[in-house]
Structures are given as structure tokens and as C-alpha cells.
Amino acid sequence: MIRKFVYILIFAIFLQGNIVQAGSEGSENLKNSKQNNSANECFEGVSRVIFKFNYALDGAIFEPIAKGYRSLPQSVRIGTGNVVGNLRSLLTLTNNVLQGDFRGAGSTAGRFAINTTVGIFGIFDPATKLGLAKPQKEDFGQTMGVWGVNSGCYFVLPILGPTTARDAVGLIGNTFLDPVYQITHNTEITNGVVGNGNYSEHNYYYYRGTGAIDFRAKNIEPFNSLRNNSIDLYASVKSLYLQDRNKKISDHETSTETLSDDDWEEIDTD
Amino acid sequence: MKKKIFIVIFLIFGLTQNCFAYSSDPKQFITEIVDEAKKILVASNSKEFKEKNLEKIAKKTTDIKGIGKYTLGKYRKNLTDEQLNEYEILFEKYFLKSFSSRLSDYSDPKIDVLSAKALNPKYTIVKSVLLSTKKKPALQIDWRVYTKNPEKPLIRDLIVEGLSLARTQKEEFASVIESNNQDINQLFIKLREFIAK
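Conventions we followed
- Residues numbered from 1 in each chain as written.
- Chains lettered and ligands numbered in written order.
- Predicted model: local features only at pLDDT ≥ 70, side-chain atom pairs only at ≥ 80, totals over all residues.
- Helix = DSSP H or I, 4+ residues; strand = E, 2+ residues; numbered from the N terminus.
- Buried ≥ 20, exposed ≤ 12 C-beta atoms within 10 Å, placed from the backbone.
- Contact = placed C-beta atoms within 7 Å.
- Expected span 1.5 Å × (residues − 1).
- pLDDT = per-residue confidence, 0-100.

Notes on the overall build of chain A
In terms of helices and strands, chain A carries 13 helices and 4 strands. Taken over 270 residues, chain A has a buried fraction of 31%. Here the analysis covers contacts within chain A between residues at least 6 apart in sequence; of these, 59% occur between residues at least 24 apart.

Listed below in C-alpha cells is the structure:
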């Protein structure tokens, strides 16, 4: 596992170096990318096609499922969200440690322990009531960002959606760092007995799928508003994705600290 | 006597007209806008009523011209006076429609205005939170208030959960211009199409 991790890191650094040299359509300089919160496009034409495909898929499959999920009782949805969030916190914990945020790691570990036991496998969230606030979700893409790895170019993946070169590598890294993935892919369970029988890896995809539906159900109106009020939906989604990643990597609670004021300073009106 | 009656009538007329002057304190300014918006966004009001009255608030309280310049970014330096004038007209219509359409989706919002922080003499950030409902989680909303004229603050940006609407708009406009060989007229076409929807 450590060897795989090292290979990913080397690949990430290599990718970043090549991305700097890569040409792209309608892009801004890499030098300005951090200041302007934008990233070069890898293959904008292809990304736009994939974006349209994802949009159609969402309308045909994911949005209807999310609306159906919304019709479930609120208590069921909250409980489901809590369970998924509790499991997700294990990946956050791993990345808290890798980022050197040991205080955050302690809080995340404490929340997991309390919610898994007192909260009955994460269905309830007593940790928040005890003063342990929900942490920001961390992943390996953010960890590499904290380590100083540049985002690289932006592109869109089928089904998975917007990403950057760094975050795409991060997606792969997540599978190795996520304890839930490791347990479900490396544990045999039969009749509740560990050690014999079939692998339980399908449970990982049930967990991830449920998380995706829960997320989509919580964002039906914002997605509709964005779609109805954009003149270039692809560009809007790209901007929001990059702003969101930048904010998460900065870990700033004050939202405006992630935004440069330079552009605003030169605009004076009467 | 006639003069007194006239003054009373004039005062009543003046008070009932929509010439409400907002506070010059940024936090109070936002609080007043939020309170005014809450009355409009009552669930029983029609979408048309909400949009029409939200547009009125936006005209009085936002620096539409400044936002328009910001969202055009570096491309504004290449425009002729005629193009700039056309852009300002189109942008105002686009902005008012987009702004009111986005906000009219909310019904009976409960917003708490929390604090204000002056970044510099020109800008203050006012923090607020849209309280959670059964269907939606709480949302942090920051307001960038332009305070160059201390007597008349104006909104220039909304930052929702760390995501700047003005910045998103700016990058969207840049994408339209860049993907059409730097032709500003293509942006004008897109704006007209949106306004006409």
C-alpha cells in the first residue's frame, strides 16, 4: 500500500510538470491561476461534451432518484445522511493526519467514536450536541493542495463530474486512504463471520451511491437555480468548483479571505 | 390652517411613498434589506410579485454599474464607448432578472445578520446566515458592501458558503467571450437571449 502511495505522489508531481507545458483552448496563464481562482483547461471541447452527457444523465437518472429519496420521511433522510457522514469522516481523519492537522484529527476521531457508539453506528449525531462541530470534509486532493501541489488543469470526468489533474489523482489516492474502502475490499464476511466467504466490496459502492443521492437531494433547488440563471452553465460550474476547492484547501472559515480584492479595488463608481 | 393641513398631507404622502432611506451603517443596511425582502418573500405571494419587488430593492441597494464593470473584467478596456453603453444597459436588465429570479425561489426565509467587518475604507463584509429548514441546510451568506460613499452603502457581491456570485459571473462572461474569438457581441447576444426568456 505504501508503494502505491509513493507511485501516486510521483505521478502527481509529474502530471503537474507536464500540465504547465500543455496547450489548451481559451485559457489563462498558470502564473495567474491562483490569483484569479481559475485553472487551465486540459481539453475544453471534450470536457464540454462530457459535461452535456453528465447533465443529461443527471436529468434522466440521478435527479428523479433524488426526488424520490426526498419523499422519504425526514428522520430517515437525516439518519441516512448521518451514517454516510460518519463513515466519510474516516477518510477525513486520514487526511487530517496527513495535513498535520492533529487537532482536527482529534476532533474527527472523537466525533466518530461518539457517533458510532452513543449515536448507534452513526444514525444519530450526539457529538455535535456535545460541542464537537462537524468538520470540513477532507480528501487526498485537498491534502496535496495543502502540500503545495498545484491544481493542474481542469476537466470533466464522465459521471464523476468536474475535477482537476490534482483532484483526479486525489480520487485514486482516496481509495487507498479510505478505511471504508480498505475494509470492504479486503475483508471476507459470511454470516457475520470475518474470514470466510465472499468479499463485501459491493457495500462500499452502496455507501458511496447513497452519499451521492443524499447530496443530490439536498441540492435540487440550487442546481435548478444555477441552471436557469446561467448563460454558460459549463463555465459557472467550473468557477464554483474551483472556488469551492480553493476554499477547502485554504481551510478558511472566513469566506472572503480566499478571494483576492485586487479586481474590486480598481473599480470605482460615483 | 390650510398651510398646516397641506403640510400634514405632504408628510403623509411622503412617508407612504417608497422613498425609504437605508441606514449608512453596513450591518444595519443589510438588516433593513433583509427585513424588506422577507416581507416580499412570503410564501403566499406570487412569483411575479416577488420578482417585481425584489428588482425594486436591487435597483436601490446594489451597485449594478460597478458589478457590471467587475464581471466584464479585462475586456472592458477594449470596448468602445458605444459598446460599453450597450453593455451597461444589457447588464442591468440581465442582473435584475437573474437576481430576482434566484431570490424568488426562497419562501419565508429566516436570515440572521450576525456581524460586520470593514476590510478597508471601501469595503465591508457583513456576515449573515440563512437558517435551516426541514428541506434545506443552513447557509452562510456574506455581503460585500461598497462603502466609498459612507452615506450610501451599496451591495457589490454575495458570497454564499464561500462562493462569490460576482466572481462566478465574471468567469462565466470570460468563458463566453473567449470561446467566441474574443467577440464581445456574442456576450451581448447571450445576454439578450437571457433577458428575452
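Re helix α12 (residues 233-250) of chain A
Given a rise of 1.5 Å per residue, 18 residues ought to cover 26 Å, and the 26 Å separating the end C-alpha atoms of α12(A) matches this to within 8%. Turning to α12(A), its buried residues number three or more, namely A:A235, A:S236, A:V237, A:K238, A:S239, A:L240, A:L242, A:Q243, A:R245, A:K247 and A:I249.

Examining the environment of B:A43
Within the element layout of this structure, B:A43 appears in the loop between α2 (26-40) and α3 (47-61). Exposure remark for B:A43: the 8 C-beta atoms within 10 Å place this residue in the exposed category.

Observations concerning the confidence of the model for chain B
Residue and element names in this part refer to chain B. In this model, chain B carries a mean pLDDT of 87, and residues with pLDDT of at least 70 account for 90%. Taken element by element, the predicted model of chain B shows its lowest mean pLDDT in helix α1 (residues 2-16) (57) and its highest in helix α7 (residues 184-196) (95). The ipTM, which scores confidence in the relative placement of chains, is 0.84 for this predicted complex, and the corresponding pTM is 0.83.

Brief notes about the environment of A:T143
Residue and element names in this part refer to chain A. By the element assignment, T143 lies in helix α7 (residues 140-146). The exposure class assigned to T143 is buried, which follows from the 24 C-beta atoms found within 10 Å. In this structure, the C-alpha to C-alpha distance between T143 and Y205, residues 62 residues apart in sequence, is 23 Å. If we skip the residues at most four places from it in the chain, T143 touches N95, L98, Q99 and E138.

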